[in-house]
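# Geometric and topological summary
Now for the letters of each chain:
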Amino acid sequence: MNYIFRKIIKEISKKINNKKGLEVFAIHRAKFEGWLKVEICDILLSFTQEVKVEYGKNGKKIDIFFKYNKCGYYIELKTINTSYKCNYVVRKNKPITNNLESVINDINKLKNLKNGNKYIFFIVFLLPKNKVQSFEDNINFKEIESNVNKIESFNGKFSNNVPFKIYIGEI
């Protein structure tokens with residue numbers, strides 16, 4: 001994985017851990033993709049001034065596009081909330097299958113781009129260590145793995161110790 005994506009993962013993990021306001025999202029299993037998009041753009045602007053959001057035409061917009069060293073990069077983002085039990089978190093049923101299918105749809109959107117470097121970046125939250133294997137054994141997660149060239153993951157915690165995992169896949 002290239003340096004920029006390692007930097008994004010490191011900085012996003014740190015920001016999630018330090019933002020008290022994100023505790024509210026974790027407690028209520030609420031998605032925070034808009035916040036994530038802003039923070040990733042902020043990180044990217046330390047490398048390049050050529051950053052665009054909602055990039056594209058005809059309803060086929062990509063969350064983030066940037067250029068670095070004359071190469072174009074496309075990123076699709078998702079935040080995936082789960083129904084796994086966790087202390088101090090409101091119990092809610094969250095359809096993991098629908099969440100994972102939306103990641104698969106984003107991967108297909110990226111695959112349809114003719115050129116450039118393409119990545120799917122998603123954060124799964126309320127993912128205790130004892131549930132990671134169960135999550136990764138899900139048939140839809142297996143489909144994600146089979147549709148990317150390489151996928152890497154990184155563990156983290158919100159400031160209230162609710163666990164999350166960042167996945168990044170290169171298309």
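Above this text sits the structure in question.
Heads up: these notes are all about the structure in this document. Small disclaimer: the values here were computed from a predicted structure and weren't measured. (Residues numbered from 1 in each chain as written. Predicted model: local features only at pLDDT ≥ 70, side-chain atom pairs only at ≥ 80, totals over all residues. Heavy atoms only, no water.)

### Concerning unusual backbone geometry
- Of note, the phi angle at E54 is positive, near 50 degrees, even though the residue is not glycine.
- Note that E54 resides in strand β1 (residues 51-55).
- With relative accessibility at 38%, the residue E54 sits in the partly exposed group. (Helix = DSSP H or I, 4+ residues; strand = E, 2+ residues; numbered from the N terminus. Buried < 20%, exposed > 50% of the residue type's maximum accessible area, 1.4 Å probe, protein only.)

### Some points on helix α3 (residues 33-44)
- Helix length check: α3, at 12 residues, gives a terminal C-alpha distance of 16 Å against a target of 16 Å (1.5 Å per residue), a fit within 8%.
- All of the buried residues in α3 are W35, L36, K37, E39, I40, C41, I43 and L44.
- Buried residues along α3 sit against α1 (3-18), α2 (20-27), β1, β2 (62-68), β3 (71-81) and β4 (117-125). (Expected span 1.5 Å × (residues − 1). Contact = heavy atoms within 4.5 Å.)

### Regarding the state of the cysteines
- If you walk through the whole model with that rule in mind, you get zero disulfides.
- Just so you know, C41 is unpaired, no disulfide at all, and the nearest cysteine sulfur is the one on C71, 19 Å from it.
- Classification of C41 as buried rests on a relative accessible area of 12%.
- On the basis of relative accessibility, which here comes to 32%, the residue C71 falls in the partly exposed class. (Disulfide = S-S within 2.5 Å.)

### Observations concerning the sheet that holds β3
- As summarised here, the arrangement of the six strands in space is β1-β2-β3-β4-β6-β5, forming an open sheet in which the pairing is mixed. A strand with exactly one partner marks an edge of an open sheet, and here the two such strands are β1 and β5 (150-157). Each strand axis lies, on average, 25 degrees off the axis of its neighbour in the sheet, ignoring direction.
- Relative to β3, β2 runs antiparallel, the two being bridged by five bridges. (Pairing = 2+ DSSP bridges. Axes fitted to C-alpha atoms, helices over the stretch in contact; angles between N-to-C directions.)

### Remarks on helix α4 (residues 96-111)
- With 16 residues, α4 extends 23 Å between its outermost C-alpha atoms, agreeing within 8% with the 22 Å of an ideal straight helix rising 1.5 Å per residue.
- Buried within α4 we find N99, L100, V103, I104, D106, I107 and L110. Seen end-on, α4 carries its buried residues on one side only, within an arc spanning 160 degrees.
- If you follow the buried residues of α4, they end up packed against β2, β3, β4, α5 (132-136) and α6 (139-146). (Arc of directions from axis to C-beta.)

### Focus on the nonpolar core
- The biggest cluster of nonpolar side chains holds 32 residues, and the ones touching the most others in it are I8, I12, I16, I40, F121, I123 and F158.
- Counting residues per element, the ones that place at least two in this core are α1, α2, α3, β2, β3, β4 and β6 (163-170).
- Residue contacts for F158: discarding those within four places in its chain leaves I16, N17, L22, A26, F32, F125 and F164. (Core = buried A, V, L, I, M, F, W, Y, C linked by side-chain atoms within 4.5 Å.)

That is the geometry; function is a separate question.
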